[in-house]
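Here's the letter readout for the chains.
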Amino acid sequence: MNWRAVGAIYGFEMARWRRTLLQSVVSPVISTSLYFVVFGAAIGSAITAIDGVSYGAYIVPGLVMLTLLTQSISNASFGIYFPRFSGTIYEILSAPVSPVEIVLGYVGAAATKSVILGLIILATASLFVPLRIDHPFVMILFLLLTAATFSLFGFLIGIWADGFEKLQLVPLLIVTPLTFLGGSFYSIKMLPPFWETVSLFNPVVYLVSGFRWSFFGQSDVGVAISLAMTGLFLVLCLATVAWIFRTGYRLKA
Amino acid sequence: MRPSEFRESSAPDAVIRIDGLAKRYATGFEALKGVTLEIRRGEIFALLGPNGAGKTTLISIVCGLVNPSAGTVAVDGHDIVRDYRRARSAIGLVPQELTTDAFETVFDTVSFTRGLFGKPKDPAYVEKTLRSLSLWDKRDNKIRELSGGMKRRVLIAKALAHEPQVLFLDEPTAGVDVALRQDMWNLVRELRETGVTVILTTHYIEEAEEMADRVGVINHGELVLVEEKTALMSKLGRKEITFHLREPLASVPPSLDGFDLALGEGGGALTYTYDAKAARTGINTLIEALREAGISFSDLETKQSSLEDIFVGLVKEQA
Ligand SMILES: Nc1ncnc2c1ncn2[C@@H]1O[C@H](COP(=O)(O)OP(=O)(O)O)[C@@H](O)[C@H]1O
Ligand SMILES: [Mg+2]
């Protein structure tokens, strides 16, 4: 393993983040706070508790997931897309670096950033609603697993995209709808049976559900299934990344 | 000899061995058509060819940026595919395009490259490299604040960051000012003293002529010729002497048959081609023979064919 290369890429990506730290952190915190004001305080007071959890607290895991997903994808996709776009990728490709090392550097940095942000959002949330975390280790496990999986997914988007529009396309057209329809703000049990079944095809449901279980011990889907589904998606992304590096898809002519 | 059949005898100490290298791009375009070439350790090798000849493609394959369609490349004995780590560790690349980061500082970006190549931090070495490229004063500047020439220097510093054995310079002087050109050539000569092999591509003949130990000419994806520069110059670097005649001639008189003569300008100019490096150029005997044949001339001029003429000749022959 060329660990120095992993460290160099990781350090480069983290430095890029630190340069824009203020906007990287402030904007998610502000938007999350807005959700709390609107959904938690204003609307939430009119909504009864779900599974014995006040609505304000109920949406916290979903909001953290929302941040985690969007940040992982945008960080990782931009991280690899930009060198492709500017041409500086030549340096990575001509260095004695294996695909695994490249992925560890880029995806590791993107995941780190989104975990840090997720924790900041959690801390912000705790200012608005009293929180309890029944299973902190499971919570951390989901946090890491989700950040890693979706950073990997973002990395794939960053390799697939051949323009800035495409870079925005997947998050905008697929990820945001899936997140909103993934039970971040409600329990899918509240849906009519047909839509509840449809929801089970939405991978985000499993993430939010499992993550919420780690807080309140309640979930729409079993926590084991949630973990398995997240793991499956992770494996899918890994396999695709492996294929990309084997063929040089969109990286090498 | 057909260019595609060009083969070089295997050098005992080749640092790069390229064998039957071909590249067909996804568009179907054949950019390289079976190139076989060996680069000797410690030499300065100029790859000379017009735009689109396949120079960048060749370099890109050796450096791992482009997948070959056929053929093999070994760097320092390591196959670039199977043993890519060791092959790439030996190579530094200065790309043709000015592709740099924007927001990193000069010092950081050079250190970054060193890290990518798995080398431990060595601020003293980075400082030495930056100083040799007159970049030390700019070490804390963000790259985007630098001029184009300075960015080019940064790219060179990055390529040298991991102390490579082989340095590729892809069109190093395209759009570069005189000062940088001088600095660059000085650096290249210094590098050669320390045993580094330098391969540069160019379509400027003077550059190959000035710098290289050996020259390879590439055109339409085929290596047309590889030759010691000096041998190339003397072998093909023939000289011409042209006599401007007082009276035009209808044809070259039979008494001058022994000379390599050509009549031009409607019979008004007689051109003699000879080997300038030969012990006897034959000029004296020719002038003697001209007088005996009663041919007088008003003026004469000589011309040395440069690498450029050779190159143009080769490329024309091929087209
Ligand atoms: N990615 C690519 N896809 C298709 N054709 C390419 C690609 N890159 C280069 N070419 C073509 O291959 C030929 C050789 O290009 P290149 O190696 O850059 O030449 P040089 O460096 O000698 O100017 C050119 O005709 C160019 O258009
Ligand atoms: Mg080129």
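Located above this text is the structure these notes cover.
Along each chain, residues carry numbers from 1 onward, in the same order as the chain's sequence is written. In the order they appear in the text, chains get letters beginning with A and ligands get numbers beginning with 1. Per-residue local features of the predicted model are confined to residues with pLDDT of at least 70, and side-chain atom pairs are confined, for both listing and counting, to 80 or more; whole-chain, interface and lining totals are unaffected and use all residues. Think of the side-chain values as coming from all heavy atoms in the structure, minus any hydrogens and water.

## A word on the overall build of chain A
A count of helices and strands for chain A gives 11 helices and 0 strands. Helical segments are the DSSP runs of H or I of at least four residues, strand segments are the runs of E of at least two, and each set is numbered from the N terminus. Counting from the amino terminus, helix and strand elements in chain A follow one another as α-α-α-α-α-α-α-α-α-α-α. The size measure is the radius of gyration over C-alpha atoms, and the globule rule it meets is 2.2 Å times the number of residues to the 0.38 power. The C-alpha atoms of chain A give a radius of gyration of 19 Å, which matches the 18 Å a tight globule of 253 residues would have. Three labels apply to residues, based on accessible area from a 1.4 Å probe with only protein chains included: buried if under 20% of the type maximum, exposed if over 50%, partly exposed otherwise in between. Scored against the burial criterion, the 253 residues of chain A give a buried share of 52%. Only heavy atoms matter for contacts: two residues are in contact if any of them lie within 4.5 Å across the pair. For chain A, long-range pairs separated by at least 24 residues make up 80% of all intrachain contacts whose partners lie at least 6 apart in sequence. Here, Shrake-Rupley sampling with a 1.4 Å probe gives the accessible areas, and only protein chains in the shown set may cover a residue. Total accessible area computed for chain A in this model is approximately 10900 Å², and 74% of it derives from carbon and sulfur atoms. Lys and Arg are tallied as positive, Asp and Glu as negative. Neither His nor the chain termini are counted. Taken as the charge centre is NZ of Lys, CZ of Arg, CG of Asp or CD of Glu, depending on the residue. With 13 positive and 9 negative side-chain charges, chain A shows a separation of 8 Å between the mean positions of the two kinds.

## Brief notes about the interface of chain A and chain B
Between chain A and chain B, the residue contacts involve 25 residues of the former and 28 residues of the latter. Counting the surface chain A buries against chain B, the share from its top three residues, Tyr90(A), Glu91(A) and Pro96(A), is 27%. Each reported salt bridge corresponds to a side-chain nitrogen of Lys or Arg within 4 Å of a carboxyl oxygen of Asp or Glu. Where chain A packs against chain B, one counts 3 salt bridges. Secondary-structure elements contributing two or more residues to the side of chain A that touches chain B are helix 1 (3-19), helix 5 (89-93) and helix 6 (99-128) of chain A. With 6 residues, helix 1 of chain A is the largest single contributor of residues to the side of chain A that touches chain B. In terms of residue class, the side of chain A that touches chain B is built from 12 nonpolar, 8 polar and 5 charged. Reported buried area values correspond to the accessible surface (1.4 Å probe) lost by two parts on association, with both partners' losses combined. Residues are grouped as follows: Ala, Val, Leu, Ile, Met, Phe, Trp, Tyr, Cys and Pro are nonpolar; Asp, Glu, Lys and Arg are charged; every other residue, Gly included, is polar.

## Examining a nonpolar patch on the surface
Residue and element names in this part refer to chain A. Each patch is built from salt-bridge-free residues with over 30% relative accessible area, joining like charges within 9 Å and nonpolar side chains (Val, Leu, Ile, Met, Phe, Trp, Tyr) within 5 Å. A surface patch of nonpolar side chains, about 530 Å² in accessible area, is lined by Val37, Val38, Ile43, Ile47, Leu127 and Phe128. The set of elements that each furnish at least two residues to the nonpolar patch consists of helix 2 (21-43) and helix 6. In terms of residue count, the dominant contributor to the nonpolar patch is helix 2 (3 residues). Mapped onto the elements of the fold, valine 38 is located in helix 2. Looking at valine 38, the relative accessible area reads 40%, which means it is partly exposed.

## Examining the coordination of the magnesium ion (ligand 2)
All names here are of chain B. Note on the magnesium ion (ligand 2): its protein donors are Thr56 (OG1) and Gln96 (OE1). The metal-donor distances range over 1.9 to 2.2 Å. Of the two residues, threonine 56 is situated in helix 1 (residues 55-63) and glutamine 96 in the loop between strand 6 (91-94) and helix 3 (106-116); the sequence distance between them amounts to 40 residues. Since its relative accessible area comes to 31%, threonine 56 is described here as partly exposed. According to the relative accessible area criterion, glutamine 96 is partly exposed, its value standing at 28%. A 2.8 Å cut-off from the metal defines N, O and S donors, relaxed to 3.2 Å for Na, K and Ca; water is not in the atom list, so some sites may appear incomplete.

## Notes on the sheet that holds strand 14 (residues 297-304) of chain B
Residue and element names in this part refer to chain B. DSSP-based pairing: two strands are paired if at least 2 bridges between them are found. Reading across the sheet, the 4 strands line up as 12-13-11-14 and stay open at both edges, with antiparallel pairing between neighbours. Each edge of the open sheet is held by one strand with a lone partner, namely strand 12 (261-264) and strand 14. Each neighbouring strand pair of the sheet contributes to a mean axis angle of 20°, computed without reference to strand direction. The sheet contact formed by strand 11 (residues 239-245) and strand 13 (residues 269-274) spans 6 bridges and is antiparallel. In the sheet register, isoleucine 241 faces strand 13, and the bridge partner there is tyrosine 272. Only C-alpha atoms enter the line fits that serve as axes; for helices the fit covers just the stretch in contact. Angles between N-to-C directions range over 0 to 180 degrees.

## Here's the deal with the site of ligand 1
If even one non-hydrogen atom of a residue comes within 4 Å of a molecule or strand, that residue is called near it. Every one of the 13 residues lining ligand 1 counts as a neighbour, but Gly52(B), Gly54(B), Lys55(B), Thr56(B) and Thr57(B) are closest to it. Among the chains of the assembly, those with residues near ligand 1 are chains A and B. Gly54(B) places a polar main-chain atom, nitrogen or oxygen, 2.9 Å from an oxygen atom of ligand 1. Protein chains bury 67% of the 560 Å² of accessible surface belonging to ligand 1 in isolation. By residue number, the principal contributor to the shell around ligand 1 is helix 1 of chain B, which donates 3 residues. Partitioned by chemical class, the residues of the shell around ligand 1 number 6 nonpolar, 6 polar and 1 charged. Think of a polar contact as two N or O atoms within 3.5 Å of one another; within protein, one of them needs to be a possible hydrogen donor and the other a possible acceptor, and neighboring residues in sequence only count if both atoms come from side chains.

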